[in-house]
Amino acid sequence: MHHEHHVTSSETIRDIVIGMSDGLTVPFALAAGLSGAISSSTLVVTAGIAEIVAGSIAMGLGGYLAGRTEADHYQSELKREYDEVERLPEQEKAEVMEVFAEFGLSKPLQQQIADEMAKDKKKWVDFMMRYELGLEEPNANRATKSAITIGVSYIVGGIIPLSPYIIINHAQQALYYSCGVTLICLFIFGYFKSKMTGQPALSGALKVVIIGALAAGAAFLMAKLITGK
């Protein structure tokens, strides 16, 4: 028996990756920047929670709008395609033949397939949507699910770098623990993200860690420069 192994990333996994990557990185950089300017962990936690709330809403809304735009675009193209097969059937048949010509089928066979497909308008339009326009019908609830998934993932990711500040009162001391915890989580997150997308796991994990470290380091140094501390 021959078993094929393909990596397939679902839309839900993609949304989790989007939410978690920003959730881990942005609040981490914010906390690091504030730690370079103030000593109170309470202020870092307050600002961090405010950012997580605002960020999760903004990210979730972005996911919702992207989902709605995708659905609206599909419906617009679907309506146009139905109109074209109604008004310009021969032209649409020619486009079907062009698709099969790319697969090396003979002209008579192309014509036979196009004529047979034209008998069922729905299947004809579905074929044109997929193979001419490259569009798949989006899930009806995709926009809402995307918004919730991205928003919740952002919150989960954002809580991680803030957690040491909740326990430790001095901001710069808490920063050391935040760096350790967050960089480990970024490595784990990057590793599994790379595995799921078929990329080299170790190098993918290291890239995610480096990006997070650079963002936090830049924010910390900038705060130090501005405050002169």
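Residues numbered from 1 in each chain as written. Predicted model: local features only at pLDDT ≥ 70, side-chain atom pairs only at ≥ 80, totals over all residues. Heavy atoms only, no water.

If you check an unreviewed UniProt entry, the protein chain appears there as VIT1/CCC1 transporter family protein from Mucilaginibacter jinjuensis. According to its UniProt record, the protein chain has this under Subcellular location (unreviewed entry): "Endomembrane system". (UniProt positions renumbered as here; feature names shortened; annotations may be inferred.)

The helix and strand inventory of the protein chain stands at 8 helices and 0 strands. Mapped from its N terminus to its C terminus, the protein chain presents α and β elements in the order α-α-α-α-α-α-α-α. Taking 229 residues into account, the globule formula puts the C-alpha radius of gyration at 17 Å, and the protein chain, at 25 Å, lies well above it. Seen through its C-alpha atoms, the protein chain measures out along the principal axes to roughly 80 × 40 × 30 Å. Counting all 229 residues of the protein chain, 37% fall into the buried class. Counting only carbon and sulfur atoms, one obtains 64% of the accessible surface of the protein chain, whose full area is about 13500 Å². Measuring between centres, the 19 positive side-chain charges of the protein chain sit 9 Å from its 24 negative side-chain charges. (Helix = DSSP H or I, 4+ residues; strand = E, 2+ residues; numbered from the N terminus. Rg over C-alpha atoms; globule rule 2.2 N^0.38 Å. Buried < 20%, exposed > 50% of the residue type's maximum accessible area, 1.4 Å probe, protein only. Areas by Shrake-Rupley, 256 points an atom, 1.4 Å probe, with all protein chains shown as cover. Lys, Arg positive; Asp, Glu negative; His and termini not counted. Charge placed at Lys NZ, Arg CZ, Asp CG, Glu CD.)

What follows covers the UniProt feature "transmembrane region" (unreviewed entry) in the protein chain. What UniProt calls "transmembrane region" (unreviewed entry) maps, in this numbering, to residues 147-168, 174-192 and 204-226. In the segment residues 147-168, helix accounts for 95% and strand for 0%; the C-alpha atoms at its two ends are 33 Å apart. Measuring from the first to the last C-alpha atom of residues 204-226 gives 33 Å, for a span that is 100% helix and 0% strand.

Positionally, Asp 15 belongs in helix 1 (residues 11-35). On the basis of relative accessibility, which here comes to 1%, the residue Asp 15 falls in the buried class. Discounting residues that sit within four places of it in the chain, Asp 15 has contacts with Arg 142, Ser 146, Thr 149, Ile 150 and Ser 153. (Contact = heavy atoms within 4.5 Å.)

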